[in-house]
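# Residue-level structure breakdown
Each chain, letter by letter, is given below.
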Amino acid sequence: MTPHWDTLWTNVRLATMDPEIKLPFGTIERGALAIKGGCIAWVGPADDLPSVPATEVRDGGGGWLTPGLIDCHTHLVFAGNRCHEFELRQQGASYQQIAEQGGGIRATVEATRASSEEQLFQLAQPRLQAFLDEGVTSIEIKSGYGLEVDTELRMLQVARRLGREFPVTVHTSFLAAHALPPEFQGRADDYIGRVCGEMMDAVSAQELADSVDMFCEQIGFSLAQCERVIQSASRHGLPVRIHAEQLSNLRASHLAASHSALSVDHLEHLDESGVMALARAGTVATLLPGAFYFLRETRLPPIEQLRRHGVAMAVASDFNPGSSPQASLRLSMQMAANLFGLSAEEVLAGVTRHAARALGMASERGQLREGLLADLLLWQIDHPAELVWQFGVNRPHCIMKEGQDVSER
């Protein structure tokens, strides 16, 4: 059978993010890219382009093609409004103080429990659309604002529905070990037993989770409690990720590494021994500059140590109603450069190649490479660094999701 491509992109520059191309951003200056069956069928210099017919030939106008953006940490499904907590922080209250007084996560739990699946879906739609407009083609969405079976399932069902009804790949994370619900006050071990038993069983039976997450922190759950959650996840065949070392160093990164976690997230209080543990395990460090900024933190994640030990660094929005109420991965990219000192190339790798790895998707997405799914963006810019330098200005000129143009959705 004569080879035939569905779509051929010509007159483009490629930021492939392929580490095997030993140039910044994996650049191919005069490139071409072919798509067949939703996957990248050929990518390389235009001078090497094979003579294969294509149903559609697209002229990129000298713009840049990049992989679709991936936000690997969000809390996008929730109800309620926590603007008043912002005002309390303006008056000097800390995130921990607000949580201890019954605010924070528990306030969102109350509102989310009171909402129907349809209400949660309607609330989530415009938030998701904000990410899609920026070029996000894959996104992680957590539960964790139900803290009981029915609402946790409802949140995950909404996340799955978003993935069906919008042109985006949704990775769901079961995060019931997010906070202690009021009905279990003083009985954290009993609650973790509920998470590991009835709740995990129900989520697994309905195939609603792609991974399991937990908040290992003084205002969250202990190492021993989180290990119980990890063991339950393992019995159900689910990979894990951990909110780790955000407010203190409980050595959750060591726990994560010992169980080959996909990622550890936040990490402002990570020490070098934790960095080394992540490096040995191949676990991704996910940086969340939005929460750092919004909570006015001053302790930076150990970026230089992560670099030195070769730990992959993802960048994500951490969009949530309390500590990072900004639905913009592009803004998070700029923050990662400006606040954390990442280079533009590190940032773009953090929302493509490394973010894909943090979601267990590295074999499918995150690079412009033959055989991977054709999630890609066309930008009318002069250099990929512009995507980090500015936000709110450059929008994708074209968005392709698995080879289909979804720019007008």
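Residues numbered from 1 in each chain as written. Predicted model: local features only at pLDDT ≥ 70, side-chain atom pairs only at ≥ 80, totals over all residues. Heavy atoms only, no water.

Turning our attention to unusual backbone geometry. Here the phi dihedral of Asn11 falls at roughly 55°; this positive angle occurs in a residue that is not glycine. Positionally, Asn11 belongs in strand E1 (residues 5-15). Not every positive phi belongs to a glycine, and Glu207 is a case in point at roughly 50°. Judged by relative accessible area, which is 64%, Glu207 ranks as exposed. (Helix = DSSP H or I, 4+ residues; strand = E, 2+ residues; numbered from the N terminus. Buried < 20%, exposed > 50% of the residue type's maximum accessible area, 1.4 Å probe, protein only.)

This next bit is on the pattern of salt bridges. Taken as a whole, this structure holds 19 salt bridges when the rule is applied. Arg228 is the partner of Asp189 in a salt bridge, and the nearest nitrogen-oxygen pair spans 3.9 Å. Here Arg228 lies in helix H7 (residues 223-235) and Asp189 lies in helix H6 (residues 188-205), a separation of 39 residues in the sequence. Residues joined by salt bridges that share partners form a network here, namely Glu364, Arg365, Asp375, Lys401 and Glu402. (Salt bridge = Lys/Arg side-chain N within 4 Å of Asp/Glu carboxyl O.)

The strand order across the open sheet built from 4 strands is E6-E7-E8-E9, with neighbouring strands paired in parallel fashion. Edge positions in the sheet fall to strand E6 (69-71) and strand E9 (211-214), since each has one partner strand and no second. Averaged over all pairs of adjacent strands, the angle between their axes in this sheet comes to 20°, without regard to strand direction. Where E6 and strand E7 (residues 136-142) come together, 3 bridges link them in parallel fashion. The residue of E7 that forms the bridge with Ile70 is Ser138. Sitting on the sheet, helix H5 (residues 149-165) touches E7 and strand E8 (169-177), and the angle it makes with E8 is about 170°. Sitting on the sheet, H6 is in contact with E8 and E9, with an inclination near 150° to E8. (Pairing = 2+ DSSP bridges. Axes fitted to C-alpha atoms, helices over the stretch in contact; angles between N-to-C directions. Contact = heavy atoms within 4.5 Å.)

A separate point is the UniProt feature "binding site: Zn(2+)" (unreviewed entry) in the protein. The positions that UniProt labels "binding site: Zn(2+)" (unreviewed entry) are, in the present scheme, His73, His75, His243 and Asp318. Of the residues just listed, which span 246 residues, no C-alpha pair is farther apart than 12.4 Å, and they cluster in one region. Within the fold, His75 resides in the loop between E6 and helix H1 (83-90). What His75 contacts, discounting residues up to four positions off in sequence, is Lys142, Tyr145, Leu175, His178, His243, Asp318, Phe319 and Asn320. Secondary-structure assignment places Asp318 in the loop between strand E13 (313-315) and helix H12 (329-338). (UniProt positions renumbered as here; feature names shortened; annotations may be inferred.)

This paragraph deals with the pairing of strand E5 (residues 64-67). The pairing of E1 with E5 spans 2 bridges and is parallel. Within E5, the residue paired with Leu14 across the bridge is Leu65. Here E5 pairs with strand E14 (residues 376-379) via 4 bridges, running antiparallel. Directly across from Trp64, in E14, lies its bridge partner Trp379.

Feature annotation in UniProt assigns "binding site: N-formimidoyl-L-glutamate" (unreviewed entry) to the following positions: Tyr145, Asn320 and Gly322. Maximum C-alpha separation among the annotated residues is 11.8 Å over a sequence range of 178 residues, consistent with a single clustered spot. Within the secondary structure layout, Tyr145 lies in the loop between E7 and H5. Judged by relative accessible area, Tyr145 falls into the buried class, the value being 2%. When you line up the elements, Gly322 lands in the loop between E13 and H12. Sequence-distant contacts of Gly322, defined by excluding residues within four places in its chain, comprise Arg82, Arg89 and Phe294.

Here we take up helix H4 (residues 117-133). Helix length check: H4 (17 residues) gives 24 Å between terminal C-alpha atoms against 24 Å at 1.5 Å per residue, within 8%. At Gln125, H4 shows its strongest bend, of approximately 30°, with the proline Pro126 following within four residues. Of all the residues in H4, the buried ones are Leu120, Phe121, Ala124, Arg127, Leu128, Phe131 and Leu132. Close packing links the buried residues of H4 with E6, helix H3 (105-113), E7, H5, H12 and strand E15 (398-401). Directly beyond the C-terminal end of H4, a positive phi value near 105° is found at Gly135. (Expected span 1.5 Å × (residues − 1). Bend = angle between axes of the 7 residues up to and from the residue.)

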